[in-house]
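Below are the chains, spelled out letter by letter.
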Amino acid sequence: WVQADTDWFAAPLKNLRSFFRFDAEVDWHERHEFHKFELPLTIKNDFATYETHLGHVQRPTHKNPTWDMAKFEVCGHKHADLSEYGYGVAILSESKYGFSCRGNVLRISLLRAAIAPDAEQDQSKHEFSWAVMPDQGHFLESDVPIAAIRFNSPIHGKAIYLRTSGVMLT
């Protein structure tokens, strides 16, 4: 079974974009299946931008020449972005690492059920989130990297009360 919730979040901090957040709970027991979220856009660009452990990489959004056909997915970390002059859209991830873009369709890989090399890959219950965020300007002008870090590693606070000399400190 799959249960997914969608929420719209207004930008909590100045100069950050609002985004749509998707939260999923999945009890995954499939074989030979690949579950992706895809987002058709009206954006035209020959390249999409992905964040990797070494920085950002751009990959073509087309399948020409033949060596581009083999580049069907990018091992990205926190986000993928498709932008053109003036605006773009990014997918932010908290725990999923496969992205792709063909033409104007941006995708994130959520679950897979291959049988090799691990026949039990992704089999069980999962809880994960991803978000879709519009951005202004080209990717290099946007706040996508900052928003992706904040989405991937949210700040958690804890109040600690100390009592000294009869005064409560917080």
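Report follows, based on the coordinates. Keep in mind that this is a model prediction, so the values were computed, not measured.

Calculation notes
Residues numbered from 1 in each chain as written. Predicted model: local features only at pLDDT ≥ 70, side-chain atom pairs only at ≥ 80, totals over all residues. Heavy atoms only, no water. Helix = DSSP H or I, 4+ residues; strand = E, 2+ residues; numbered from the N terminus. Contact = heavy atoms within 4.5 Å. Areas by Shrake-Rupley, 256 points an atom, 1.4 Å probe, with all protein chains shown as cover. Pairing = 2+ DSSP bridges. Phe/Tyr/Trp six-rings, centres within 6.5 Å; stacked < 30°, edge-to-face > 60°. Buried < 20%, exposed > 50% of the residue type's maximum accessible area, 1.4 Å probe, protein only. Core = buried A, V, L, I, M, F, W, Y, C linked by side-chain atoms within 4.5 Å. Salt bridge = Lys/Arg side-chain N within 4 Å of Asp/Glu carboxyl O. Arc of directions from axis to C-beta.

So, about the overall build of the protein. Secondary structure assignment for the protein yields 2 helices and 13 strands. If you take every contact in the protein between residues at least 6 apart in sequence, the share linking residues at least 24 apart comes to 63%. Here the protein displays about 10,600 Å² of accessible surface, and carbon together with sulfur accounts for 56% of that area.

Turning our eyes to something else, we now look at the sheet that holds strand β3 (residues 34-40). Two modes of strand pairing occur in sheets, parallel and antiparallel, and in both the strands are linked by backbone hydrogen bonds. In spatial order, the strands read β3-β10-β9-β6; together these 4 strands make up an open sheet with antiparallel pairing. Sheet topology places β3 and β6 (74-75) at the edges, where each strand pairs with a single neighbour. The pairing of strand β9 (residues 98-102) with strand β10 (residues 105-112) spans 5 bridges and is antiparallel. Bridging from a neighbouring strand, Gly98 pairs with Ser109 of β10.

Following the criterion strictly, the structure yields 5 aromatic pairs and no others. Where Phe22 meets Phe37, the ring centres are 5.0 Å apart and the plane angle is 50°; that geometry is what we call tilted. With Phe22 in strand β2 (residues 19-28) and Phe37 in strand β3, the pair connects residues that are 15 residues apart, well separated along the chain. When the centroid spacing of 5.3 Å and the interplanar angle of 10° are considered together, the rings of Phe22 and Trp130 count as stacked. Taken as a pair, Phe22 in strand β2 and Trp130 in strand β11 (residues 124-136) lie far apart in primary sequence, 108 residues in all. Note on Phe22: relative accessible area 15%, which makes it buried. Pairwise contacts between aromatic rings join Phe22, Phe37, Phe128 and Trp130 into one cluster.

A word on the nonpolar core. Counting residues in hydrophobic clusters, the biggest one holds 25 residues, and the most contacted among them are Phe37 and Trp130. Breaking this core down by element, the ones donating at least two residues are β2, β3, β4 (47-52), β7 (79-84), β8 (87-93), β9, β10 and β11. Aside from chain neighbours lying at most four places away, what touches Trp130 is Phe20, Arg21, Phe22, Ala24, Phe37, Ile91, Leu92, Ile108, Leu110 and Phe151. Ala90, Leu92, Ala131 and Val144 belong to the second largest nonpolar core, which has 10 residues in total.

Taken as a whole and assessed by the stated rule, the structure comprises 5 salt bridges. Among the ionic pairs, Arg21 bridges to Asp23, the shortest N-O distance being 2.8 Å. Assessed through its relative accessible area of 22%, Arg21 is described here as partly exposed. One salt bridge connects Lys78 with Glu51, and the closest N-O pair in it is separated by 3.7 Å. Note that Lys78 is positioned in the loop between β6 and β7 and Glu51 in strand β4, a separation of 27 residues in sequence.

Let us now look at unusual backbone geometry. Here the amide bond leading from Ala116 into Pro117 is cis, since omega sits at 5°, within 30 degrees of zero. Relative to the elements of secondary structure, Pro117 occurs in the loop between β10 and β11. A positive phi angle is found at His32, which is not glycine, with a value near 60°. Of note, His32 is situated in the loop between β2 and β3.

Listing the buried residues of helix α2 (residues 144-152) in full gives Val144, Ala147, Ala148 and Phe151. Down the axis of α2, the buried side of the element spans an arc of 100°, and every buried residue falls inside it. Buried-residue contacts for α2 involve β2, β7, β8 and β11.

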